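Next come the chains, spelled out residue by residue.
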2 protein chains.
Amino acid sequence: MKDLDTAELARLTGLPASTLRYYEEKGLIVSIGRRGLKRLFDPSVVDRLSLIALGRAAGFSLDEIGGMFAPDGGPRIDRGRLVEKAEDIDRTIGQLTAMRDGLRHAAECRAPSHMECPTFRRLMRVAAKGGLGHSRQKPQSPA
Amino acid sequence: MKDLDTAELARLTGLPASTLRYYEEKGLIVSIGRRGLKRLFDPSVVDRLSLIALGRAAGFSLDEIGGMFAPDGGPRIDRGRLVEKAEDIDRTIGQLTAMRDGLRHAAECRAPSHMECPTFRRLMRVAAKGGLGHSRQKPQSPA
DNA sequence: CTGCCACCTCAAGTCAACTTGAGGTCAAGC
DNA sequence: GCTTGACCTCAAGTTGACTTGAGGTGGCAG
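Residues numbered from 1 in each chain as written. Chains lettered and ligands numbered in written order. Predicted model: local features only at pLDDT ≥ 70, side-chain atom pairs only at ≥ 80, totals over all residues. Heavy atoms only, no water.

Trainee: What should I look at first to understand the protein's contact with DNA strand C in this one?
Mentor: As a structural note, the neighbourhood of DNA strand C is formed by 18 residues, with A:Ala7, A:Arg21, A:Arg39, B:Ser18 and B:Thr19 the closest of them. Considering DNA strand C, the proportion of its atoms within 4 Å of the protein that are sugar or phosphate atoms stands at 81%. Here B:Tyr23 contributes a side-chain N or O atom positioned 2.9 Å from a phosphate oxygen of DNA strand C. B:Leu62 is positioned such that a nitrogen or oxygen atom in its backbone is 3.3 Å from a phosphate oxygen of DNA strand C. Within the residue set of the surface near DNA strand C, elements represented by two or more residues are helix H1 (6–13) and strand S3 (38–41) of chain A together with helix H2 (17–26) of chain B. (Near = heavy atom within 4 Å. Polar contact = N/O pair within 3.5 Å; in protein donor to acceptor, adjacent residues only side chain to side chain. Helix = DSSP H or I, 4+ residues; strand = E, 2+ residues; numbered from the N terminus.)

As structure tokens, this is what we get:
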């Protein structure tokens, strides 16, 4: 496959060109040269960008992801890190599950005000004590 | 119960005084007066702050939460919103579950490199297509 | 050969939810 | 009466992941 310029890579991956430049600046991807001003990328960066997307979806920061590439470009992923992250996610799932069930209950609850619903109040107390570490969910993917 | 000043409220809720001032500035809580410079809060703000914490944990923004209080201070929560949010959370749970399972598989996978593991590659593709909207989890609660 | 226009660079802006810091004030204790 | 120090105000800084904008440049169609 032929080398790709920024626009082609953007089209292939759905990422804006500005993001690709930003990733290059951060060292997450590397361009193999220029044609005039235009960057040229090896087609393998498409895979690399998928990997980056995966890391982001798993909750790793860009810096962490940067540390997961071997100098040769291949992934160098510590399996322990994956397990750890899986556990993180698992905890989050537990909290979100409690939250979801609580919200559903609150939505159906017959009590005149939420403040009089015992389930709601229990949920409130748990949240107040920080038991539900607020696990931000992003509005949505730019897609 | 006696009115509370900022320091007492901070102690009761575990929130830093700066956050309480910030919440007041945003209109999420109201102080009922001053003693000298010090704000005085009605004890009911403790409940209110719990409610705010709950909202945050459920993934609502502070602005959204601000819209959930009736002028009288009681919660005025649209049950539809709760159901919607529960569905949001449910979707997130689904994505996180896939991610967790994928990570666990990747951690155990016998393939010499992750790039050769079909499960891993499938996960990558899904993430690249944005199917896994990156649902940020915060490192942890300040607790 | 000339323009066009896509792409470039670099600095600055955005968003959310706070935190930090400098400098001010006032109720209370000695 | 004076010091102390907790609390105050207001502006600016922080973090992460980008986006935006002004101004520049060069390959290529005509």
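So that's the structure; there's more coming.
Trainee: Looking at this model, I keep getting lost on helix H3 (residues 44–58) of chain A. Mind explaining?
Mentor: One full turn of an α-helix is made of 3.6 residues, so residues set three or four places apart face in the same direction. All names here are of chain A. Helix length check: H3 (15 residues) gives 21 Å between terminal C-alpha atoms against 21 Å at 1.5 Å per residue, within 8%. Buried within H3 are the following residues: Val-45, Arg-48, Leu-49, Ser-50, Leu-51, Ile-52, Leu-54, Gly-55, Arg-56, Ala-57 and Ala-58. Once H3 finishes, Gly-59 follows within two positions and takes phi at roughly 100°, a positive value. (Expected span 1.5 Å × (residues − 1). Buried < 20%, exposed > 50% of the residue type's maximum accessible area, 1.4 Å probe, protein only.)

Trainee: I'm lost on the protein's contact with DNA strand D in this one. Help?
Mentor: In the region of DNA strand D, 18 residues are neighbours, and A:Ser18, A:Thr19, A:Tyr23, B:Arg21 and B:Arg39 sit closest. Considering the 4 Å shell around the protein, atoms of DNA strand D inside it are sugar or phosphate in 80% of instances. Secondary-structure elements contributing two or more residues to the surface near DNA strand D are helix H2 (17–25) of chain A together with helix H1 (6–13) and strand S3 (38–41) of chain B. Among the elements that line the surface near DNA strand D, the one with the most residues is H2(A), at four residues. For the surface near DNA strand D, the class distribution of residues is seven nonpolar, five polar and six charged. (Nonpolar A, V, L, I, M, F, W, Y, C, P; charged D, E, K, R; others polar.)

Trainee: Can you help me understand the side chain of A:Arg39 in this one?
Mentor: For A:Arg39, the location among the structural elements is in strand S3. A polar side-chain atom of A:Arg39 sits 2.5 Å from a polar atom in the side chain of A:Glu24.

Trainee: Just to check I follow, could you spell out the packing of aromatic side chains for this structure?
Mentor: How two aromatic rings sit relative to each other is given by the distance of their centres and the angle of their planes. Residue and element names in this part refer to chain A. Applying the stated criterion to the full structure yields two aromatic pairs over all chains. On the numbers, 6.2 Å between centres and 45° between planes, the contact of Tyr-22 with Tyr-23 is tilted. When its relative accessible area of 10% is taken as the criterion, Tyr-23 is described as buried. Positioned over the ring face of Phe-69 is Arg-48, at 3.8 Å from the centre of the ring. (Phe/Tyr/Trp six-rings, centres within 6.5 Å; stacked < 30°, edge-to-face > 60°. Lys NZ or Arg CZ within 6 Å of the ring centre and 35° of its normal.)

Trainee: Please explain helix H6 (residues 118–128) of chain A as it appears in this structure.
Mentor: Within H6(A), the full set of buried residues consists of A:Phe120, A:Leu123, A:Met124 and A:Ala127. In a view along the axis of H6(A), the buried residues occupy a sector of 105°, so they form one face of it. For H6(A), exposure combined with an orientation more than 90 degrees from the buried face picks out A:Pro118 and A:Arg125. Considering only its buried residues, H6(A) is in contact with helix H5 (79–108) of chain A together with helix H3 (44–58) of chain B. A:Gly130, located one to two residues past H6(A), shows a positive phi value of around 85°. (Arc of directions from axis to C-beta. Contact = heavy atoms within 4.5 Å.)

Trainee: Looking at this structure, I do not really get the packing of H5(A) against H6(A). What am I missing?
Mentor: Helices that pack against each other are described as a pair by the angle of their axes relative to one another and the distance between those axes. Residues and elements named next belong to chain A. One can describe the packing of H5 onto H6 by two numbers: an axis separation of 9 Å at closest approach and a directional angle of 145°. Pair H5 / H6 crosses with left-handed handedness. Across from Ala-98, Met-99, Gly-102, Leu-103, His-105 and Ala-106 in H5, the residues of H6 making contact are Thr-119, Phe-120 and Leu-123. Among the residues forming the contact of H5 with H6, the class breakdown is six nonpolar, three polar and no charged. (Axes fitted to C-alpha atoms, helices over the stretch in contact; angles between N-to-C directions. Left-handed = near helix turned anticlockwise from the far one by under 90°.)

Trainee: Quick question: what am I supposed to make of the interface of chain A and chain B here?
Mentor: Interfaces are often sized by the amount of accessible area the parts lose when they come together. On the side of chain B, 53 residues touch chain A, which itself brings 53 residues to the contact. Buried surface at the junction of chain A and chain B, summed over both partners, amounts to about 5,000 Å²; 66% is from carbon and sulfur atoms. Along the contact surface separating chain A from chain B lie five salt bridges. Residues B:Arg100 and A:Asp90 are paired through a salt bridge, measuring 2.4 Å at the closest nitrogen-oxygen approach. Those elements that place two or more of their residues in the side of chain A that touches chain B are H3, H5 and H6 of chain A. Residues belonging to the side of chain A that touches chain B are distributed by class as follows: 27 nonpolar, 13 polar and 13 charged. (Buried area = accessible area lost by both parts, 1.4 Å probe. Salt bridge = Lys/Arg side-chain N within 4 Å of Asp/Glu carboxyl O.)

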